[in-house]
Structures are given as C-alpha cells and as structure tokens.
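Chain residues, written in single-letter form:
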Amino acid sequence: MRYLHTMVRVADLDKALDFYCNKFGLAEMRRVENEAGRYTLVFLAAPGDTEQAETTRAPLLELTYNWDPEDYTGGRNFGHLAYQVDDINAFCKSLMDAGVTINRPPRDGHMAFVRSPDGISIEILQKGEALSPAEPWISMPNTGTW
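The structure reproduced in this document is the subject of the present report. Computed from a prediction, not measured in an experiment: that's the story for all the values here.

## Some points on the sheet that holds strand β4 (residues 60-66)
Then step 1. Read from one edge of the open sheet, four strands run β1-β4-β3-β2, paired in mixed fashion. Sheet topology places β1 (5-10) and β2 (27-34) at the edges, where each strand pairs with a single neighbour. Across this sheet, the average inter-strand angle for adjacent strands is 20 degrees, counted without regard to direction.
Then step 2. As judged from the seven bridges shared by β2 and strand β3 (residues 39-45), these two strands associate in the antiparallel manner. Looking at the pairing, Glu 28 lines up with Leu 44 of β3.

So, in structure tokens, the structure goes:
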C-alpha cells in the first residue's frame, strides 16, 4: 500500500490555484478536464515532492473543481492537510506578506495553521527541531478557527 493523494473540492479554481501555487508554493503537476463529468482535476505537489510525483504520481494534493456551482461548507470537518517547511517563521511571513491570515501563529517555533480560500485547514510544521520563539509570532493571537 502507498499514499497517493488527498482530494479537496474548490469553489473557485483560479483563487485556489493562486493560494496553493503562488502563495503556498505548491507546483501543478497535471490537469484533467472532463467535459462529460463537468469537472477539472488539478494535481499539485510540494516542492520537495515534485521529482517523485513526476514518476509515481504521488504524493499529491488533488483540487477538484466542479463546473456547476456548489457551496462547500464545513471545511473544518475535513481535518487538515500538513506540510513540513525548512523555516516556519520565514514561510509564515511570506504567507502573511501575500495576504494570507495566519490563524494559529508559530509561537512555539514548531507549528502554525492557515486556511485555504475554501476553508481547508492547513498545518505547517517546522522541519527538525523547533525554532526559537520569535516576534511577531510570540505576541500574535489566534485568529478564527483552524
């Protein structure tokens, strides 16, 4: 058995791709347009997984965009996606600079949470040992839910 992908439904594909690719840093690996089924699938990989994803098609995040509008609620009941980064403080700063709300700042130098435009909770974890707690994160309160 091996892990392949996690599927997340998105309401606005362009907005989702802006978040996941331009702000969060994932790379689009492939796209499937299904006219008969009226949907688009976009498969994304983390920068450290792109080489493996090119050959094995895993591990990936699958964005599913249904062409007929739907309201997706309850993103929190999905659970969360999790990504490991080399420098959680720098990564969260780049997200914040791009206009992404840091719902749970990395006050402990180890873990943070953000939400996608569709309300999907994303956990960001520091690779290796936790970084020393630093501002602005130490005094930044939680925002919303994650």
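Still more ground to cover, so stick around.
## Some remarks on the pattern of salt bridges
Then step 1. Enumeration according to the criterion identifies six salt bridges in this entry.
Then step 2. A salt bridge links Asp 68 to Arg 38, with the nearest nitrogen and oxygen atoms 2.8 Å apart. Of this pair, Asp 68 sits in the loop between β4 and β5 (81-85) while Arg 38 sits in the loop between β2 and β3, and the two are 30 residues apart along the sequence.
Then step 3. Its relative accessible area of 38% is what places Arg 38 among the partly exposed residues.
Then step 4. One salt bridge in this structure joins Lys 127 and Asp 86, with 3.9 Å as the shortest N-O distance. Taken as a pair, Lys 127 in the segment after β8 (121-126) and Asp 86 in the loop between β5 and α3 (88-97) lie far apart in primary sequence, 41 residues in all.
Then step 5. Judged by relative accessible area, which is 62%, Asp 86 ranks as exposed.

Criteria and thresholds
Residues numbered from 1 in each chain as written. Predicted model: local features only at pLDDT ≥ 70, side-chain atom pairs only at ≥ 80, totals over all residues. Heavy atoms only, no water. Pairing = 2+ DSSP bridges. Helix = DSSP H or I, 4+ residues; strand = E, 2+ residues; numbered from the N terminus. Axes fitted to C-alpha atoms, helices over the stretch in contact; angles between N-to-C directions. Salt bridge = Lys/Arg side-chain N within 4 Å of Asp/Glu carboxyl O. Buried < 20%, exposed > 50% of the residue type's maximum accessible area, 1.4 Å probe, protein only.

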